[in-house]
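# Secondary and tertiary structure notes
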Amino acid sequence: MNESRPAAQLYLVPTPIGNLEDITLRAIRILSQVDTILAEDTRQTGILLKHLEIQKPLQSYHIFNEHKVLTGLIQRLEKGEQMALVSDAGTPAISDPGFLLVREALQHGIRLECLPGPTALVPALVNSGFPTDKFVFEGFLPHKKGKQTRLKFLAEETRSIILYESPHRVIKTLQGLAEFMGGERLASVSRELTKMHEETQTDTLDALITYFQNQKIRGEFVIVIKGKEA
Ligand code: SAM
């Protein structure tokens, strides 16, 4: 359906995780129709909007100001302003700012809609070849406090497990996983999804550690671990 005006007050709009072709037609339409675009990084979103030839007022909405701007945004939404929230890449509120605004908007009876679209966890899970019928998304593991407890807990998980990780912690995390799950546990690492240097390596944790120790670690990573055999 090709609506002339958006039906919701607040849209969560997924944006590409690398390949700009992954923006949906509806995402483009919504971004063109709303009054304001809330962006995690206005510069980054400005580049995307320029590519899409969309000119809209941009406002910062990120983890450092989300509490502060919340009340003002809700008041504006209640007065009828239409907004779209985008993050730097992928689906807002998935390991990105958005949850707070969604919760508050729902509590105030504001109509909101999250568009389906790019997110890194789905292609990484499917690429892994591990069961997709049931899985858990863990996002980023805690850096220090609580990490060991989480790894111990996850070692018993029988569903496929998806983790996000930054390039400079990926080997350490694979080592932590091997320590708690055993080096023979199968895992899959997807790097630079949808980008020029996209690759997925699926092997035992021990073999993946060796592989990445012999590489220059660059880009963005998703780790998928096969669940424990029931
Ligand atoms: N909101 C995003 C989503 O829907 O996937 C996630 C944002 S989170 C701050 C960033 C993390 O997502 C990265 O550290 C990485 O783990 C993962 N990620 C994002 N883009 C990726 C890509 N192109 N390839 C692999 N992992 C990616």
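Residues numbered from 1 in each chain as written. Predicted model: local features only at pLDDT ≥ 70, side-chain atom pairs only at ≥ 80, totals over all residues. Heavy atoms only, no water.

## Looking at helix α2 (residues 42–51)
All buried positions along α2 are accounted for by Thr 45, Leu 48 and Leu 49. Projection of α2 onto a plane perpendicular to its axis shows the buried side chains occupying an angular sector of 100°, all on one side. Along α2, exposed side chains directed more than 90 degrees from the buried face belong to Arg 43, Ile 47 and Lys 50. Where α2 begins, the capping side chain belongs to Asp 41, and its oxygen is found 2.9 Å from the backbone nitrogen of Arg 43. Where α2 ends, the next residue or the one after it, Glu 53, has phi of about 55°, a positive value. (Buried < 20%, exposed > 50% of the residue type's maximum accessible area, 1.4 Å probe, protein only. Helix = DSSP H or I, 4+ residues; strand = E, 2+ residues; numbered from the N terminus. Arc of directions from axis to C-beta. Polar contact = N/O pair within 3.5 Å; in protein donor to acceptor, adjacent residues only side chain to side chain.)

## Regarding the sheet that holds strand β2 (residues 36–39)
With parallel pairing, the five strands of this open sheet are ordered in space as β3-β2-β4-β1-β5. Only two strands of the sheet have a single neighbouring strand rather than two, namely β3 (58–60) and β5 (112–114). With strand direction ignored, the average angle separating the axes of adjacent strands in the sheet is 20°. Judged from the three bridges that link them, strand β1 (residues 10–12) and β5 form a sheet pairing that is parallel. (Pairing = 2+ DSSP bridges. Axes fitted to C-alpha atoms, helices over the stretch in contact; angles between N-to-C directions.)

## A few points about the layout of surface pockets
Estimated volume of the largest pocket: approximately 450 Å³. If you go around the largest pocket, you meet 23 residues; those closest to its centre are Ala 89, Ala 120, Phe 140, Tyr 164 and Glu 220. Elements that contribute at least two residues to the lining of the largest pocket include exactly β7 (160–165) and β10 (221–225). When its residues are assigned to classes, the lining of the largest pocket shows ten nonpolar, six polar and seven charged. Mapped onto the domain boundaries, the lining of the largest pocket takes at least three residues apiece from domain 1 (10–114) and domain 2 (121–225). What the second largest pocket holds in volume is close to 260 Å³. As for the second largest pocket, its lining consists of 15 residues, and the residues nearest its centre are Pro 16, Gly 18, Leu 20, Gln 44 and Asp 88. Of the residues that constitute the lining of the second largest pocket, the class distribution is six nonpolar, six polar and three charged. (1 Å grid on protein atoms, 1.4 Å probe; cavity = no way out; pocket = protein on both sides within 12 Å on 5 of 7 lines; lining within 4 Å. Points joined across faces, edges and corners; volume = space filled by probe spheres on them. Nonpolar A, V, L, I, M, F, W, Y, C, P; charged D, E, K, R; others polar. Domains from an automatic or database assignment.)

The values are spatial; any link to function lies outside them.
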